[in-house]
Amino acid sequence: MQGNNNSDKPKYNFKRITSHPGFKSLGAAFMAVFLGLVVGFAIMLIASPGNAISGFRFVLLGGLRRLGDVLYFATPILMTGLAVGFAFKMGLFNIGASGQYTMGMFFALYVAFMWDLPGSTHWMVAILAGFLGGMVWGFIPGIFKALLNVNEVITSIMFNYIGMYLVDMWIQNNSIMYNSSMTRTRYIDAGVQIPALGVAGSNVNFGIVMAVLIAIILYIVLEKTTFGYELKATGHNKHAAEYAGMQGKRNIILTMVIAGGMAGLGGAFAILAPSAIAGSSMTYEPINIIAANGFTGIAVALLGNAHPLGTILSATFISYIQRGGTLTSLVGFKPEIIDIVVAVIIYFSAFAMIMNSAIGRFIKARLGKEEDKPLLEIGEEPVEEAEPQNEQETEKEAE
Amino acid sequence: MENYIVEMLNITKEFPGIIANDNITLKLKKGEIHALLGENGAGKSTLMSVLFGLYQAEKGEIRKNGKKVTINNPNDANALGIGMVHQHFKLVEVFTVLENIILGVEPVKSGFLEMEESKGKIMELSEQYGLKISPDSLIEDISVGMQQRVEILKMLYRDNEILIFDEPTAVLTPQEIKELLQIMKDLAAEGKSILFITHKLNEIMEVADRCTVLRKGKYIGTVDVDSTTKEELSRMMVGRDISFSVDKEESRPGEIILSIKNMTVASKTHKNNAVRNVSFDVRAGEIVCLAGIDGNGQSEFVYGLTGLEKLVSGSISLKGKDISKASIRERSASGMSHIPEDRHKHGLVLDYKLEENLILQRYWQPKFQKNQFIRFDEMRNYAEDLIERFDIRSSQGPTTLARSMSGGNQQKAIIAREIDKKHELLVAVQPTRGLDVGAIEYIHSQLVESRDAGKAVLLISLELDEVMNVSDRILVIYEGEIVGELDPKETTTQELGLYMAGAKRNTEKETGHAGE
């Protein structure tokens, strides 16, 4: 914040930039990340004072050595992040990304093992199946919400468990998919795996490209289409949306279906990813554990402020921190400690929303005083009937 | 020093980008009722917030009994004997009247509440000032009028001698307003000094001794009410002449546009139906007003009419087409425009830009979308056109967030949207609520213009003046039934008041035909 007293011009421009909502949410995200890193470092200091600095260097810079892996691990959480964020735009809290992810993964696996399709259509169809599986698992809470007004948080939490147990059961009962001596799924044929992007020593694959494209498509849907207009209007004020004749129920179902589809794609991208070791593949272990990628998606969406493009950044960042974290075991940190540090960073990221307004206020308080004619920003006044503090009117009066 | 109890001298209070109070001086004499008049946004509330310690002024000083004081928070104000009745009451709904009054200054004996003592004091005050209350009722069970009396007793119980009333009559029925004004006179007679914030000129003329007028943050003047007129005051307030009677020609009703038969709508809050067996017609080229005291089924009637709520029974037809079961969108598309009662809840998406709000009812039409993609250039052009034609003022034009606009301009935006949309019937629900005379005049002229353009206008209003001035025909609703049809040229406000209070009816109860 230095240099704001020096001259008039840059100060004004700075203020312009800072008052842009996009800047504020980006600034908030960085602030959240910074605080998370500070606390994370403090935890590492407590856990192992001697190794804290070298360990923390791994957390900060370790990801650079494994950029391929960063992108590979970012793919599924980008998709679950989109699943949470998209529903959030409509005011729905889709906590069921985990179940949708697992369901999508199963559908993709089923097509991979049970169907016989020629060439590269096989993996494409498997991905579409994953999309479908996630949509089904988003559709059910959506129906409950729209028709019976059952809170989507409750249903989607329950459907996390229902989905996970169903999938585990189906897999264990299917000897073509399940290798009971390894207690995990068998290897998928190389032909059904998503083509790799060819980064040495990493599993990064075409999935990340599709995920980024999908994020951009979601952005266009939200910002440019009538559906996006309806969806955001409903999220901001569902009464006004109803008054304007928008079909709230249809939109709730549609939103949950799309959100579920995103998470389902995440599951498909994860399980169909190519393996760097020839003759093997990704596998799933049906051991009654809810997919963590679904919950990481919540943090990704929060850090990305539910904005599809922001979600690309936040998914990459969280993946980066996680990759760096795993490297700290080289200097003797237990993986659990790293999980805690990463969790703290993610936890702080949840404050991004709060900091959003805090940063704006801070900057305004700092700069606002010296401003002659700042941009009007009236929303913060606690006014009921909106005292019209209106620049134009005052100017009119001055004539 | 004269006998001023409070002096606010040269108060200046700035907010970023605006001077809310510019060198304002207000002097309150002991025992007087001093009205503070101004349009929405003139700075009345800011000035009172400065006095009550919610804001600190940048310049100027406050004196009490000639001595300079600093008021940093409402507790300071309280200690100086300044109390305030806010426009939206600050009461705990599930507490009793008594508990609410002593809240914050509870008498305690060794850790236990001592209610009886304070109850005695409260009942004494209640009798002394004619503030009828039932001390053991819960706030949620008593009328708005009594809730207000509780707020007044809260001030008296704290021995406040300077009482600020922030638009106290906005929420009251005509009868309750009368009672309140009498109470204010009694309080002044007992030596209390009253600051009365309002933009209703009739009330000022009736009770106030002096009146200070603010306009757009500036001090315009202080006048003795006895030696001024309503016209004079309104000129001071808005800076130009305001006509109180709505200019309009005789109505020339045409064909029937809206026909409602035996409409019954359920209530959300209780088991009885909120609207019972209501039937009436509205013709092209007339303004029909559905008058009634708040809470007599008007809101539910409008919900039923516009499709926000399902009908229990009955039918609605618009231009001969039955729309009883049509969706909101279908009703809107077949020619119904709706200015909703609550502009923040229904009328606007506050976090959307003005331009986005202006297409809220039309974004799906080919003009504004192509293959489901919003046509942003059309949206912008349309917004600029409406902003110009309807004089909607905002800081950043089409891209202003609706939330940051003034109440009057928010309402203008809704009216622009609803009137410019192709329509046969305009349903306007309390379109002037909370607005100042300038905006009210504008909105009334828009309604009349719409009528003269051959539209059917159905106005739902609680304001007697509005009902009498604007409508061509009055239907009175009481407890969900139409109890009377009146001609505004022949009836009086007194008679209308009796109908609204349910003391009189001129239609048969069972059939509910509104004298057609």
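Residues numbered from 1 in each chain as written. Chains lettered and ligands numbered in written order. Predicted model: local features only at pLDDT ≥ 70, side-chain atom pairs only at ≥ 80, totals over all residues. Heavy atoms only, no water.

**Things to note about the packing of helix H14 (residues 407–420) of chain B against helix H15 (residues 437–452) of chain B**
Residues and elements named next belong to chain B.
Right, on to step 1. Interhelical geometry of H14 versus H15 gives an angle of 5° and a closest axis separation of 11 Å. Our classification of the angle between H14 and H15 gives roughly parallel. Across the interface between the two elements, Gln411, Lys412, Ile415 and Ile419 from H14 touch Tyr442, Ile443 and Gln446 from H15.
Right, on to step 2. Grouping the amino acids of the contact of H14 with H15 by side-chain chemistry returns four nonpolar, two polar and one charged. (Axes fitted to C-alpha atoms, helices over the stretch in contact; angles between N-to-C directions. Helix = DSSP H or I, 4+ residues; strand = E, 2+ residues; numbered from the N terminus. Parallel < 35°, antiparallel > 145°, perpendicular 65-115°, else oblique. Contact = heavy atoms within 4.5 Å. Nonpolar A, V, L, I, M, F, W, Y, C, P; charged D, E, K, R; others polar.)

**Quick look at the nonpolar core**
Right, on to step 1. Judged by nonpolar contacts, the single largest core of 84 residues is most densely connected at A:Leu109, A:Phe269, A:Ile271 and A:Leu272.
Right, on to step 2. At twelve residues, helix H11 (residues 248–271) of chain A tops the list of elements feeding residues into this core.
Right, on to step 3. Contact partners of A:Phe269, with chain neighbours within four places excluded, come to A:Thr75, A:Met79, A:Ile127, A:Ile194, A:Gly207, A:Met210, A:Ala211 and A:Ile214.
Right, on to step 4. Listed in part, the 58 residues of the second largest apolar core include B:Leu350, B:Ile387, B:Val470 and B:Val483. (Core = buried A, V, L, I, M, F, W, Y, C linked by side-chain atoms within 4.5 Å. Buried < 20%, exposed > 50% of the residue type's maximum accessible area, 1.4 Å probe, protein only.)

**Remarks on the environment of A:Lys89**
Residues and elements named next belong to chain A.
Right, on to step 1. Here Lys89 shows up in helix H4 (residues 67–89).
Right, on to step 2. Judged by relative accessible area, Lys89 falls into the partly exposed class, the value being 23%.
Right, on to step 3. Spatially, the C-alpha atom of Lys89 lies 28 Å from that of Ala108, the residues being 19 residues apart in sequence.
Right, on to step 4. Ignoring anything within four residues of it in the chain, the contact list for Lys89 reads Leu222, Leu231, Lys232, Gly235 and Ala306.

**Notes on the confidence of the model for chain A**
Close inspection of predicted coordinates is inappropriate in any region flagged by low pLDDT.
Residue and element names in this part refer to chain A.
Right, on to step 1. Averaged over all residues, the pLDDT of chain A equals 81, while 80% of them reach at least 70.
Right, on to step 2. Confidence drops under a pLDDT of 50 for residues 1–12, and excluding neighbours within four residues, the segment shows 13 contacts in the predicted structure.
Right, on to step 3. Under a pLDDT of 50 for its full length, residues 368–399 has, in the predicted model, 68 contacts with residues more than four places off or in other chains. (pLDDT = per-residue confidence, 0-100.)

**Thoughts on the sheet that holds strand E23 (residues 473–478) of chain B**
Residues and elements named next belong to chain B.
Right, on to step 1. Across the sheet, six strands lie side by side as E18-E21-E22-E15-E23-E24; this open sheet has mixed pairing. If you trace the sheet from one side to the other, it starts and ends with strand E18 (336–339) and strand E24 (481–486), each paired once. Between one strand axis and the next, the sheet turns through 20° on average, direction left out of account.
Right, on to step 2. Two strands pair when backbone bridges link them, and E18 and strand E21 (residues 425–429) are joined in this way by four bridges, in the parallel orientation. Paired with Met336 across the bridge in E21 is Leu425. (Pairing = 2+ DSSP bridges.)

**Here we look at the domain arrangement of chain B**
All names here are of chain B.
Right, on to step 1. As far as domains go, chain B holds domain 1 (4–238), domain 2 (243–335 + 424–516) and domain 3 (344–421).
Right, on to step 2. The distance between the C-alpha centroids of domain 2 and domain 3 comes to 26 Å.
Right, on to step 3. Taken together, the contacts link twelve residues of domain 2 with 13 residues of domain 3.
Right, on to step 4. The largest contributions to the domain 2 side of the interface with domain 3 come from Arg329, Ser332 and Tyr442, which together make up 43% of the buried area.
Right, on to step 5. In this structure, the connection of domain 2 to domain 3 is made through four residue pairs in polar contact (both at pLDDT 80 or more).
Right, on to step 6. At the level of secondary structure, the elements contributing two or more residues to the side of domain 2 that touches domain 3 comprise helix H10 (328–333) and H15.
Right, on to step 7. In terms of residue class, the side of domain 2 that touches domain 3 is made up of eight nonpolar, three polar and one charged. (Domains from an automatic or database assignment. Buried area = accessible area lost by both parts, 1.4 Å probe. Polar contact = N/O pair within 3.5 Å; in protein donor to acceptor, adjacent residues only side chain to side chain.)

**Brief notes about H15(B)**
All names here are of chain B.
Right, on to step 1. Spanning 16 residues, H15 covers 22 Å between terminal C-alpha atoms, matching the ideal 22 Å at 1.5 Å per step.
Right, on to step 2. Those residues of H15 lying buried are Val437, Gly438, Ala439, Tyr442, Ile443, His444, Gln446, Leu447, Val448, Ser450 and Arg451.
Right, on to step 3. Taken from the residues just after H15, Gly454 is the one with a positive phi, measuring 90°. (Expected span 1.5 Å × (residues − 1).)

**Details of the sheet that holds strand E14 (residues 273–283) of chain B**
Residues and elements named next belong to chain B.
Right, on to step 1. One open sheet holds the four strands; their spatial order is E14-E13-E16-E17, and the pairing between them is antiparallel. Sheet topology places E14 and strand E17 (321–322) at the edges, where each strand pairs with a single neighbour.
Right, on to step 2. Looking at chain direction, strand E13 (residues 256–266) and strand E16 (residues 313–318) are connected through five bridges and run antiparallel. What sits directly across from Ile260, in E16, is Ile316.

**Brief notes about the side chain of B:Ser450**
Residues and elements named next belong to chain B.
Right, on to step 1. Among the secondary structure elements, Ser450 is positioned in helix H15.
Right, on to step 2. Among the residues examined, Ser450 registers a relative accessible area of 6% and is labelled buried.
Right, on to step 3. Residues in contact with Ser450, not counting those within four places in the same chain, are His423, Leu426, Lys455 and Val457.

**A short note on unusual backbone geometry**
Trans is the common state for peptide bonds, and a negative phi is the common state for residues other than glycine.
Residues and elements named next belong to chain B.
Right, on to step 1. For Asn23, which is not a glycine, the phi torsion comes out positive at approximately 55°.
Right, on to step 2. Along the chain, the position of Asn23 falls in strand E2 (residues 18–29).
Right, on to step 3. Non-glycine residue Asn65 carries a positive phi angle of around 50°.
Right, on to step 4. Looking at the element boundaries, Asn65 is found in the loop between strand E4 (59–64) and strand E5 (67–69).

**Observations regarding the pattern of salt bridges**
Residues and elements named next belong to chain B.
Right, on to step 1. The final tally for this structure, using the stated rule, is 33 salt bridges over all chains.
Right, on to step 2. Taking the shortest distance from any N to any O, the salt bridge between Glu32 and Arg210 comes out at 3.0 Å. Residue Glu32 is found in the loop between E2 and strand E3 (33–37), and its partner Arg210 is found in strand E11 (residues 210–215); the two are separated by 178 residues along the sequence.
Right, on to step 3. For Glu32, a relative accessible area of 5% corresponds to the buried category. (Salt bridge = Lys/Arg side-chain N within 4 Å of Asp/Glu carboxyl O.)

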